[in-house]
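If you want the building blocks of each chain, they are given just below.
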Amino acid sequence: MGSRLGPLVRSTQLLSTRFISETVSSAAPTTTPLTDSTVDRIAIPPPVDSATELSRESHLRNRRKIIQAAIREKEKRSLLPPFEDNFGRKHTYLRIALTEKCNLRCLYCMPAEGVPLTPKPHLLTVDEIIRIVEVFAAHGMDKIRLTGGEPSVRKDFTEIVRRIKEVKGVTQIGVTTNGIAIGKRLQELRDAGLSQMNISLDSLNPEKYMMITRTNGFKKVMETIEKAEGIFDSVKVNVVVMKNVNDMEICDFIEMTKDRNLSVRFIEFMPFGGNKFTLNKFFSFKDMWQMVESRFGDSIYRLVDTPNDTTKAFRIRGYRGEFGFITSMTEHFCSSCNRVRVTADGNLKVCLHGNSEVSLRDVMRSGASNEELSETISQAVKRKKKQHAGVENLQHLKNRPMILIGG
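Conventions adopted
- Residues numbered from 1 in each chain as written.
- Predicted model: local features only at pLDDT ≥ 70, side-chain atom pairs only at ≥ 80, totals over all residues.
- Heavy atoms only, no water.
- UniProt positions renumbered as here; feature names shortened; annotations may be inferred.
- Helix = DSSP H or I, 4+ residues; strand = E, 2+ residues; numbered from the N terminus.
- Expected span 1.5 Å × (residues − 1).
- Buried < 20%, exposed > 50% of the residue type's maximum accessible area, 1.4 Å probe, protein only.
- Phe/Tyr/Trp six-rings, centres within 6.5 Å; stacked < 30°, edge-to-face > 60°.

Named according to an unreviewed UniProt entry, the protein is GTP 3',8-cyclase originating from Pristionchus fissidentatus. What UniProt states about the protein under its Catalytic activity (unreviewed entry) heading is, verbatim, "GTP + AH2 + S-adenosyl-L-methionine = (8S)-3',8-cyclo-7,8-dihydroguanosine 5'-triphosphate + 5'-deoxyadenosine + L-methionine + A + H(+)". Here is the UniProt Cofactor (unreviewed entry) comment for the protein, exactly as written: "[4Fe-4S] cluster".

In C-alpha cells:
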C-alpha cells in the first residue's frame, strides 16, 4: 500500500513529518490529569436564564430517564442474557470495521509507511458480519457503529446497512467516516437505515488538513458535513487534537456550532501502532478546557449525559449546536464502558487499548454453531479488564495501528 503513494501523498507526508518534528521539539509534555475538584467545577452548569435552554435541559433529563428505562426493558425482552463482564458492565454497543482500506492517511491512524492489508479471503464476508450482529443482538446489543478504514469504500456498504437494519433488536446504526467519498451516498444510506453520522475533520485550514491527512480532500469533507445536516438528525464532527498542530483551532471549531446543529467532539490523541505518539504531541482535556474557558467563560454550560456516554458535553449559551471532549487518556470512562469491537479480519477486541483479541472469523469458519459463537464472545468479555492503562504506559504497549482496528 505504501509503495503506491502518489506524488501528492509523498510530498504531504514529508511536509507533515517535518512540521510535527519542528513544532513539538521544544514542547513540554502535558499529562497532568484533572483533579476531582476541577472536574466537579466544570460538571456543574451555571444557572440557566433562558426558557428555551431550560426546556432543553429538562428534555435531556427526561430523555436520560427514558433511555435507562428502555435499557432495563430491553434486558427483560432479550432472548439471551447480555454479555456482561466480571465488573457488572453490560455490553450493548458494537463497533464493526468493514474494511482496512482508506482514502486518507491520517498521522494518528495510518503509519507513514502504510500497512500490510489482510488478503480479501481473510476478511469478514457480508454474511459473516450479519451473523455476528445477529448473535450480539440476541444478547441485547442494539447499537451498531460501522467503521474502517473508510467504510464507504466498500461497494456493498449500503447493502450491509440495509441487512443490519433488518436484524431484530437493532435500533441504531451509525457510521464513522472521513467524509471524502460518502457524500453522494448519504440519502441512500439514510433510506437503508443509517441513523447517525460521525465525520472526521481535524482542521478548518485546507493546508493543515492536507498535512494531517496526507490527502487533498478538505472541500469534499466540508460539503459532506453540510449535506449530512439536511439528512440526518445527528451529525458529529470528530477532531483528534494534537499539540502545536491543531490545538489552536479548538475555539474555531466551537464557533461552527453557533448556527448549526452540529456536535463537535475533541478527542485526546491516543497511542497506537505506528502513529509515533509522544507526550510532546499530547494535548490533554485540562489544556483544552482552559483554552475554551478563557474564550467563552460563563457562557459555557454542561449538558446532561445519557448512560454510557463517552463525551463530556457542553454548549455555549445561545448556540444551536454543542461540543464535547472524549478524554480516554486523562479522564477515562472505563467504569461505564458498554462497547466492544470487531476488526475487519474478524477479531473481537473487548478494549480499544488492549492487545488481546479473539478470532470470531475462525470460530465461524470452523463450523461452530451460534451457541458456540456466543460462548466465545461471552468468555472474551469476561476477560475484559477493569480499565486500560494510563497514557504513560499505553505508549509503550503493543497494539495494532488504528487503521487496522477501526475508528
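As a further point, take helix α4 (residues 126-138). Over its 13 residues, α4 runs 18 Å from end to end, which matches the ideal 18 Å to within 8%, given 1.5 Å per residue. Of all 13 residues making up α4, 10 are buried, and the element is well covered by its neighbours. Every buried residue of α4 is listed here: Val-126, Glu-128, Ile-129, Ile-130, Ile-132, Val-133, Val-135, Phe-136, Ala-137 and Ala-138. After α4 finishes, the residue Gly-140 shows a positive phi value of roughly 95°.

Evaluated as defined, the whole model comprises 11 aromatic pairs. Judged by centre distance (6.3 Å) and plane angle (80°), the ring pair of Phe-253 and Phe-266 falls under edge-to-face. With Phe-253 in helix α9 (residues 250-255) and Phe-266 in strand β8 (residues 263-268), the pair connects residues that are 13 residues apart, well separated along the chain. There is no split in this pair, since Phe-253 and Phe-266 are both buried. Where Phe-296 meets Tyr-319, the ring centres are 6.4 Å apart and the plane angle is 85°; that geometry is what we call edge-to-face. Taken together, the residues Phe-296 in helix α10 (residues 285-296) and Tyr-319 in the loop between β10 (311-316) and β11 (322-326) connect sequence positions 23 residues apart. Overall, Phe-296 belongs to the buried group, its relative accessible area being 9%. We classify Tyr-319 as buried; its relative accessible area is 13%. One aromatic cluster in this structure is built from Phe-253, Phe-266, Phe-285, Trp-289, Phe-314, Phe-323 and Phe-325.

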